[in-house]
Amino acid sequence: MSEPEHAVQGQNMQIGQVAERTELSIKTIRHYDEVGLVTPSERTAGGFRLYTEADVQRLLVIRRMKPLGFSLEEMKQLLNSLAVLGDEASDASTRTAATEFVTACHTRAEESCTHLRKQLAYAEELTGLLADHSLNGERHS
């Protein structure tokens, strides 16, 4: 292998490394590739997927969206919108549409956070109540 090939591969990560970094399973990462959400930036001569840091960041966006109930199509649209906003060459109308979608996702994520905080408070109240009863029960034994 020549030096430039080694240097390029050294910057990229194999799927196992990406799975470890993102806390996603290899199967899930492959699925996201198959449905076109995050396609690896490169492949080795043997066909192994190689991911860049930008690919990892896209997977992390998906990982954050999934528990909030976003669909695969919404994930794809958000990733595309973020790419548009990161590209200074994007035209104004495309940027406006992307901004509107990102804003809608932000609002939805904030609403999910509010809902989840409430659920967490209820769960903490319950565990406190159960701990009190559990400790009281041990004292009476």
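As the structure is a computational prediction, the values presented were derived from the model and not from experiment. (Residues numbered from 1 in each chain as written. Predicted model: local features only at pLDDT ≥ 70, side-chain atom pairs only at ≥ 80, totals over all residues. Heavy atoms only, no water.)

Asks: Got a sec to walk through the pattern of salt bridges? Specific residues and values, please.
Replies: Counted by the stated rule, this structure contains four salt bridges. Between Arg43 and Asp33 there is a salt bridge; the shortest N-O distance is 3.2 Å. With Arg43 in strand 2 (residues 42–43) and Asp33 in helix 3 (residues 26–34), this residue pair connects regions lying ten residues apart in the sequence. A relative accessible area of 44% means that Arg43 is categorised as partly exposed. (Salt bridge = Lys/Arg side-chain N within 4 Å of Asp/Glu carboxyl O. Helix = DSSP H or I, 4+ residues; strand = E, 2+ residues; numbered from the N terminus. Buried < 20%, exposed > 50% of the residue type's maximum accessible area, 1.4 Å probe, protein only.)

Asks: Residues and numbers for the sheet that holds strand 2, please.
Replies: Within a sheet, adjacent strands bond to each other through the backbone by hydrogen bonds, running parallel or antiparallel. Within the open sheet, the three strands sit side by side as 1-3-2. Their pairing is antiparallel. The sheet is open, and its two borders are formed by strand 1 (13–14) and strand 2, each paired with just one other strand. (Pairing = 2+ DSSP bridges.)

Asks: Run through the side chain of Asp55, naming residues and quoting values.
Replies: Residue placement: Asp55 occurs in helix 4 (residues 53–65). One buried charged residue, Asp55, forms no salt bridge at all, with the nearest opposite charge on Arg58 at 5.4 Å. Polar contacts involving the side chain of Asp55 include one to the side chain of Ser41, which spans 2.8 Å. Setting aside residues no more than four positions away along its own chain, Asp55 makes contact with Val38, Thr39, Pro40, Ser41 and Leu50. (Lys, Arg positive; Asp, Glu negative; His and termini not counted. Polar contact = N/O pair within 3.5 Å; in protein donor to acceptor, adjacent residues only side chain to side chain. Contact = heavy atoms within 4.5 Å.)

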